[in-house]
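# Topology and contacts: notes
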Amino acid sequence: MRRILFSSIIFIFLLSNTSLLQGREVAITIDDLPVTSIVKEIGFKQELTNNLLAKLKKYNVPAIGFVNEGKLYENDSLINERVDLLKQWLAAGLDLGNHTFSHKSLNRIPAKDYIEDLLKGERIVRGLIKDAGKELNYFRHPFLHTGRSIEVRDSVENFLKEHNCRIAPVTIDNSDWAFARGYEKALLDNDSTMMKKIVDAYIPYIESKFEHFEFVSRELFGREIKQILLIHANKLNANHFNELAKMMIKRGYKFIPLEKALEDKAYNSTDTFFGAGGISWLHRWALTEGKDKSIFKTDLPAPDFVMKYAGIESE
Ligand SMILES: [Zn+2]
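The sections below set out a description of the structure shown in this document. This structure is a prediction, so every number in the text was calculated from the model and none was measured. (Residues numbered from 1 in each chain as written. Predicted model: local features only at pLDDT ≥ 70, side-chain atom pairs only at ≥ 80, totals over all residues. Heavy atoms only, no water.)

Between the first and last C-alpha of helix 9 (residues 235-250) there are 23 Å, a value that for 16 residues agrees with the 22 Å anticipated at 1.5 Å per step. Of all the bends in helix 9, the greatest measures close to 65° and is centred on F241. Buried-residue contacts for helix 9 involve strand 1 (24-33), helix 2 (42-58), helix 7 (176-188), helix 8 (192-221), strand 8 (227-232) and strand 9 (253-255). N-cap assignment for helix 9: the residue whose side-chain oxygen lies 3.3 Å from the backbone N of L236 is N234. Positive backbone phi, at 90°, marks G252, one or two positions downstream of helix 9. (Helix = DSSP H or I, 4+ residues; strand = E, 2+ residues; numbered from the N terminus. Expected span 1.5 Å × (residues − 1). Bend = angle between axes of the 7 residues up to and from the residue. Contact = heavy atoms within 4.5 Å. Polar contact = N/O pair within 3.5 Å; in protein donor to acceptor, adjacent residues only side chain to side chain.)

Dropping the structure here:
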């Protein structure tokens, strides 16, 4: 009897685990193109881009990159080699979107100025996308800041609607940028021990974000929605996307394009959020529904040593 009970428990465990592993899907979105780094040398940016694109290709990731056109200039002159990095993304069959010209926060400037910066942010990229036979369809708010009042939020949203540009939400939000800042600092200091320590903490950290947002998704929708991950075009991800991809595959994820993720009905959920935070859309929907704050408690911060080493006060 005990044996039968034991086998049944094992069977149920396997069944529930398998059902969890089936059908997970994630769109990978990469911000701050062409690259985010303090290093100005074009060789560094090219190597970073080559590395990142090679890894996205290896794992067949139909990623979309969000561009800050301001990064294409140096003292007001356009640097063609930097434009070439964007062409490489398109040549690799990947998509590009608008992330404004100068990466200003909608929480800090008037909506009118923000829209101006947004339009300035697609002067080059719209043409590049067209040359690749595609359309500019997506916009991502810098810092995920969507406005501190409903009026500001709506004025930009309404503008984007008329402009035929869809907002690219994020569900799996995280502070990869903090790890990347530390990683690049260690790299420039030739501190390979610290680089390894940061990478060793980074992959489990991102996995903890997946666990958290899968949980929130089940709490809100009774199922796991098609997720949208945000990471940045930095040296850390360029060097270690392999490990990230393996972690996601181990969790049963398939990589899908952003438009496929947005077919999930979850993305039509009511969202009344406005405020200072640049937060996940899952958290926005949870706040809109008035969910208990305990739902946020498994959203773990980056480890102290990373924040300290990267010189960041708090997350
Ligand atoms: Zn950004």
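Here the focus is the coordination of the zinc ion. In this structure, D32 (OD), H99 (NE2) and H103 (NE2) serve as the protein donors to the zinc ion, at separations of 2.0 to 2.1 Å. Counting residues between consecutive donors of the zinc ion along the chain gives the motif D-x66-H-x3-H. Of this pair, D32 sits in strand 1 while H99 sits in the loop between strand 5 (95-98) and helix 4 (111-120), and the two are 67 residues apart along the sequence. Residue D32 shares its accessibility class with H99, and that shared class is buried. (Donors = N, O, S within 2.8 Å, 3.2 Å for Na, K, Ca; no water. Buried < 20%, exposed > 50% of the residue type's maximum accessible area, 1.4 Å probe, protein only.)

Mapping K45 onto the fold places it in helix 2. No salt bridge is formed by the buried K45, whose closest oppositely charged neighbour, E74, lies at an N-O distance of 6.4 Å. Side-chain polar atoms of K45 contact the backbone oxygen of V39, separated by 3.4 Å. Apart from residues lying up to four places away in sequence, K45 is in contact with V35, V39, K40, R82 and L85. (Lys, Arg positive; Asp, Glu negative; His and termini not counted. Salt bridge = Lys/Arg side-chain N within 4 Å of Asp/Glu carboxyl O.)

With 97 residues, the main nonpolar core has I28, I30, L56, F241 and M248 as its most contacted residues. In terms of residue count, the dominant contributor to this core is helix 8 (13 residues). Dropping the residues within four chain positions of it, M248 is found in contact with V26, I28, F210, L229, F241, Y253 and F255. (Core = buried A, V, L, I, M, F, W, Y, C linked by side-chain atoms within 4.5 Å.)

Turning to the packing of aromatic side chains, a few remarks are in order. Applying the stated criterion to the full structure yields 7 aromatic pairs. Between the aromatic rings of Y114 and F139, the centroid separation amounts to 6.2 Å while the plane-to-plane angle is 85°, which identifies the pairing as edge-to-face. Placement of the pair is Y114 in helix 4 and F139 in strand 6 (residues 138-139), with a sequence separation of 25 residues. Neither Y114 nor F139 differs from the other in exposure class; each is buried. Ring plane angle 40° and centroid distance 4.6 Å describe the contact between F179 and Y205, whose orientation is recorded as tilted. Linking F179 in helix 7 with Y205 in helix 8, this pair joins segments that are 26 residues apart in sequence. Y205 shares its class with F179; the two are buried. Cluster of aromatic residues (ring-pair linked, three or more members): F179, Y202 and Y205. Its end group placed over the ring of F44, K235 keeps NZ or CZ at 4.7 Å from the ring centre. (Phe/Tyr/Trp six-rings, centres within 6.5 Å; stacked < 30°, edge-to-face > 60°. Lys NZ or Arg CZ within 6 Å of the ring centre and 35° of its normal.)

This part is about the side chain of E224. Here E224 is to be found in the loop between helix 8 and strand 8. Accessibility expressed as a relative area gives 19% for E224, which makes it buried. A distance of 2.6 Å separates the side chain of E224 from the side chain of R218, its partner in a polar contact.

Before going further, it helps to spend a moment on the pattern of salt bridges. On inspection of all chains with the given rule, the structure shows 24 salt bridges. One salt bridge in this structure joins R140 and D31, with 2.9 Å as the shortest N-O distance. On the criterion of sequence distance, the pair formed by R140 in the loop between strand 6 and helix 6 (150-162) and D31 in strand 1 is long-range, its members being 109 residues apart. We note a salt bridge from R153 to D154, for which the minimum N-O separation is 3.5 Å. A single salt-bridge network, built from bridges that share partners, covers R24, E207, E211, E214, R218, E224, K250 and R251.

Omega for the peptide link from L33 to P34 comes to 5°, which places this bond in the cis form. Looking at the element boundaries, P34 is found in the loop between strand 1 and helix 2. Backbone geometry at N75 places phi at a positive 45°, although glycine is not the residue there. On the basis of relative accessible area, N75 is assigned to the exposed category, the value being 71%. Even without a glycine there, the phi angle at N164 is positive, about 55°. Looking at where N164 falls in the secondary structure, it is placed in the loop between helix 6 and strand 7 (166-167). According to the relative accessible area criterion, N164 is exposed, its value standing at 62%.

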